[in-house]
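Spelled out, the chains give:
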Amino acid sequence: MNKYFAELLGTFVLALAVIVSLSGVFILPTPVLAALTVGVFVYTIGRISGTHLNPAVTLGILSVKKISVRDAVGYIIAQFGGAGLAMFVAQVFIPILPIVPVSDSVWVVLAEVLGTFILVFGIASVVYGKVSRELSGVVIGGSLLLGIALASSGSNAILNPAVAMALYSLSLSYVVGPLLGGLLGVWVFKFLSRE
């Protein structure tokens, strides 16, 4: 149960950090705060759950059999649970919640695919042992920051269906795009790292 709670806690903090940042309460730009949050959780809960914090990451890791179906389902439930808890806490403590407009289009899907591809490509390098544990948080946090930067030209650059739910931005584009990007990221890395 510890790994599921770790995923719930990490996704809760990530989603809440994004909400707080977008509401203008925090001075750091949202992409930087999100990357720092993920980096911190890689170092703190990485050995417990692997720090997925994102259904797209979990699906990608499941597709290469680095997690069981049972754990993947548990992680995704925990991730959405953490995002739901962040929604509740934000409603209680933040006077004016951010409004993130949502539109569904091919361009939004492609931007989310690209951003999540970069994120999960970086994560796959850690999963396949190509990055030392000492640098894992830097690589994963950096991959998230780069993914958000690239996706922001065509979408809200959420890259995470659970966080999209916490922002009331859950739509087809913000589910399909990240899930496809997560699958592509892990499989392209797996292909390139074959020896």
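Nothing here was measured: the structure is a model prediction, and the numbers come from that model. (Residues numbered from 1 in each chain as written. Predicted model: local features only at pLDDT ≥ 70, side-chain atom pairs only at ≥ 80, totals over all residues. Heavy atoms only, no water.)

**Let's talk about the packing of helix α3 (residues 55-63) against helix α8 (residues 173-192)**
Two numbers describe how α3 lies on α8: the axes approach to 8 Å, and their chain directions differ by 40 degrees. As far as their axial angle goes, α8 and α3 are oblique. Crossing of α3 over α8 shows right-handed handedness. Of the residues in α8, those in contact with Pro-55, Ala-56, Leu-59, Gly-60, Ile-61 and Ser-63 of α3 are Pro-178, Leu-179, Gly-182, Leu-183, Val-186 and Trp-187. Looking at the contact of α3 with α8 residue by residue, the classes come out as nine nonpolar, three polar and no charged. (Axes fitted to C-alpha atoms, helices over the stretch in contact; angles between N-to-C directions. Helix = DSSP H or I, 4+ residues; strand = E, 2+ residues; numbered from the N terminus. Parallel < 35°, antiparallel > 145°, perpendicular 65-115°, else oblique. Left-handed = near helix turned anticlockwise from the far one by under 90°. Contact = heavy atoms within 4.5 Å. Nonpolar A, V, L, I, M, F, W, Y, C, P; charged D, E, K, R; others polar.)

**Some details on the environment of Arg-133**
On the secondary structure map, Arg-133 appears in helix α6 (residues 133-151). Along the primary structure Arg-133 and Ile-45 are separated by 88 residues, whereas in three dimensions their C-alpha atoms are 12 Å apart. Excluding its chain neighbours within four sequence positions, the residues that come into contact with Arg-133 are Tyr-43 and Arg-47.

**Observations concerning the nonpolar core**
Grouped together as the largest cluster of nonpolar side chains are 49 residues, with contacts concentrated most on Leu-14, Ile-19, Leu-144, Val-163 and Leu-167. Residue assignment for this core shows that the elements contributing at least two residues are α1 (2-22), α2 (30-49), α3, α4 (69-93), α5 (106-127), α6, α7 (161-166) and α8. Apart from the residues within four sequence positions on either side, Leu-14 is in contact with Ala-34, Thr-37, Val-38, Leu-53, Asn-160 and Val-163. (Core = buried A, V, L, I, M, F, W, Y, C linked by side-chain atoms within 4.5 Å. Buried < 20%, exposed > 50% of the residue type's maximum accessible area, 1.4 Å probe, protein only.)

**A closer look at the layout of surface pockets**
Its boundaries defined by the atoms lining it, the largest pocket holds a volume of some 480 Å³. As for the largest pocket, its lining consists of 22 residues, of which Gly-46, Arg-47, Gly-50, Val-126 and Arg-133 are closest to the centre. Broken down by secondary-structure element, the contributors of at least two residues to the lining of the largest pocket are α2, α4, α5 and α6. If you tally residues by element for the lining of the largest pocket, the top one is α2, at five residues. Residues belonging to the lining of the largest pocket are distributed by class as follows: 10 nonpolar, seven polar and five charged. Within this model, the second largest pocket holds a volume of roughly 360 Å³. Residue lining of the second largest pocket: 25 residues in total, with Val-18, Ala-34, Ile-148, Ala-157 and Ile-158 positioned closest to the centre. Sorting the residues of the lining of the second largest pocket by element identifies α1, α2, α5 and α6 as the ones contributing at least two each. No other element matches the four residues that α2 contributes to the lining of the second largest pocket. In the lining of the second largest pocket, the residues fall into 18 nonpolar, seven polar and no charged. (1 Å grid on protein atoms, 1.4 Å probe; cavity = no way out; pocket = protein on both sides within 12 Å on 5 of 7 lines; lining within 4 Å. Points joined across faces, edges and corners; volume = space filled by probe spheres on them.)

**What about α3?**
The set of residues buried in α3 consists of Pro-55, Ala-56, Val-57, Thr-58, Gly-60 and Ile-61. Turning to α3, the residues buried within the fold contact α4, α5, α7 and α8. For α3, the N-terminal cap is Asn-54; the gap from its side-chain oxygen to the backbone nitrogen of Ala-56 is 2.8 Å. After α3 finishes, the residue Lys-65 shows a positive phi value of roughly 60 degrees. (Polar contact = N/O pair within 3.5 Å; in protein donor to acceptor, adjacent residues only side chain to side chain.)

**Side note on the packing of aromatic side chains**
All told, the structure shown has four aromatic pairs when counted by the stated rule. Centre to centre, the rings of Tyr-4 and Tyr-75 are 5.9 Å apart; their planes meet at 85 degrees, and the pair counts as edge-to-face. You can see Tyr-4 sitting in helix α1 and its partner Tyr-75 sitting in helix α4, a full 71 residues away along the chain. For Tyr-75, a relative accessible area of 4% corresponds to the buried category. Residues Tyr-128 and Phe-189 carry aromatic rings whose centres are separated by 6.2 Å and whose planes lie at 35 degrees to one another, so their mutual orientation is tilted. One end of the pair, Tyr-128, is in the loop between α5 and α6; the other, Phe-189, is in helix α8, and 61 residues separate them in sequence. Judged by its relative accessible area of 22%, Tyr-128 is partly exposed. Under the relative-accessibility criterion, Phe-189 is labelled buried at 9%. Among the aromatic side chains, those forming a connected cluster through ring pairs are Phe-117, Phe-121, Tyr-128 and Phe-189. (Phe/Tyr/Trp six-rings, centres within 6.5 Å; stacked < 30°, edge-to-face > 60°.)

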